[in-house]
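Report on the structure
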Amino acid sequence: MHNRGVLSSPLTAVILAAGHGTRMRSSIPKVMHPICGRPMVDWVLNTLREAGAKDVKVVANPHHADLAAHLDGRVELVYQRDPRGTADALKQIPAGELRGRLVLVVNGDSPLLTAASVLRVIHGQQESGAAATIASVVDPGRDDGRIVRGAGGTLDRIVERKDVTPELRASVHEINVGLYCFDGSKLVAALDKITDDNKAGEFYLTDTVLHLKPVNVVTLDDPNEAMAVKDRVRLARAAALLRFRLLEQCMLSGVTIVDPDTTFIDADVTIGQDTVIEPFTVLRGATQIGTECRIGPHVYIEDARIGDRSDCGPLANLRPGT
């Protein structure tokens with residue numbers, strides 16, 4: 001068994017972000033839609049960085065110039081010119097940059113994934129010595145790709161959402177998260193065997209498990225981490241869940257949130273100890289609030305700085321930069 005603190009091979013992390021996101025019905029690339037003040041892709045990138053990934057590549061669409069500009073200098077950008085599926089996206093990375101490494105792959109529309117879960121998958125791959133390790137959750141209510149197990153509970157195949165039959169949807173409730181860690185050399189060989197024989201006519205990364213043995217499965221405790229943001233309904237749900245994570249962090253650091261249900265705080269807001277946030281308060285951008293303040297109720301603050309022991313509100317709207 002490998003030491004959990006030491007990688008058995010160098011690690012390359014890949015974020016798949018080349019999809020058009022047609023169900024979002026937007027001219028904005030799906031992964032650029034903001035959640036709690038950050039583009040969706042930044043939540044995924046920050047999670048990988050927190051898990052220790054230094055070599056991060058993002059597979060992007062060459063037509064998404066705003067995504068490229070946003071990530072420029074922060075990651076290595078790789079372009080998928082034709083939308084031919086997730087396996088084809090990964091093949092845009094030269095095979096020599098994957099062989100001999102652990103290759104962590106995650107979908108760019110997964111903002112709820114945590115660094116702890118990413119590390120569980122990486123460690124699961126190291127400790128199992130498998131060809132690949134994938135993450136799953138059990139959630140009977142979710143309309144996503146299914147993990148089908150064979151005799152003895154071993155992984156048999158992954159069925160993508162478009163190919164899930166009504167019978168399979170009713171009988172199998174283990175969901176593919178979209179988080180994988182591969183033996184890079186075995187991954188390269190498996191990618192060459194993938195076909196587009198499916199309803200979408202795409203080369204699915206999930207079909208690599210048909211050519212990789214054995215495949216280890218790590219089941220995550222929180223089904224919400226598997227929520228891929230495919231449309232604006234899921235965007236709102238993900239925002240609500242991330243908002244409460246942020247509010248919990250504030251409260252655990254010594255901030256009083258009188259009514260979390262009516263309080264909205266962006267990810268980059270900082271608040272000092274013993275500050276009280278009253279109901280119907282919205283704190284946006286890079287707002288900084290000092291210690292022992294009282295903010296609200298009914299206050300909107302964006303990119304402003306509030307000194308220690310200040311009162312702001314009720315019914316205040318501060319201009320950005322105040």
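Residues numbered from 1 in each chain as written. Predicted model: local features only at pLDDT ≥ 70, side-chain atom pairs only at ≥ 80, totals over all residues. Heavy atoms only, no water.

**Observations regarding the sheet that holds strand β14 (residues 270–271)**
Here is the rule: Pairs of strands are assigned from DSSP output, requiring at least two bridges between the strands. Helix numbers and strand numbers start at the N terminus; a helix is a DSSP run of H or I with at least 4 residues, a strand a run of E with at least 2.
Taken in spatial order, the three strands of this open sheet run β14-β17-β20, and their pairing is parallel. Looking along the sheet, the strands with just one partner apiece sit at the ends: β14 and β20 (305–306). In this sheet, β20 lies alongside strand β17 (residues 288–289) in parallel orientation, the contact comprising two bridges. Within the sheet, the bridge partner assigned to Gln288 lies in β20 and is Arg305.

**Re unusual backbone geometry**
Glycine aside, the phi torsion of most residues is negative, and most peptide linkages are trans. Gly296 connects to Pro297 through a cis peptide bond whose omega is 0°. Checked against the element boundaries, Pro297 lands in the loop between β18 (294–295) and β19 (299–302). Here Gly313 and Pro314 are connected by a cis peptide whose omega angle stands at 5°. Structurally, Pro314 is set in the loop between β21 (311–312) and β22 (316–318).

**Things to note about the sheet that holds strand β16 (residues 281–284)**
We apply this condition: To get an axis, a line is fitted to the C-alpha atoms, and for a helix only the part in contact is used. The angle between two axes follows their N-to-C directions and goes from 0 to 180 degrees.
The strand order across the open sheet built from four strands is β13-β16-β19-β22, with neighbouring strands paired in parallel fashion. This sheet does not close on itself; its edge strands, each paired only once, are β13 (263–265) and β22. Between one strand and the next, the sheet's axes are offset by a mean angle of 5°, whatever the strand orientation. Bridge count for β13 against β16 is three bridges, and the pairing is parallel. Within β16, the residue paired with Ile265 across the bridge is Leu283.

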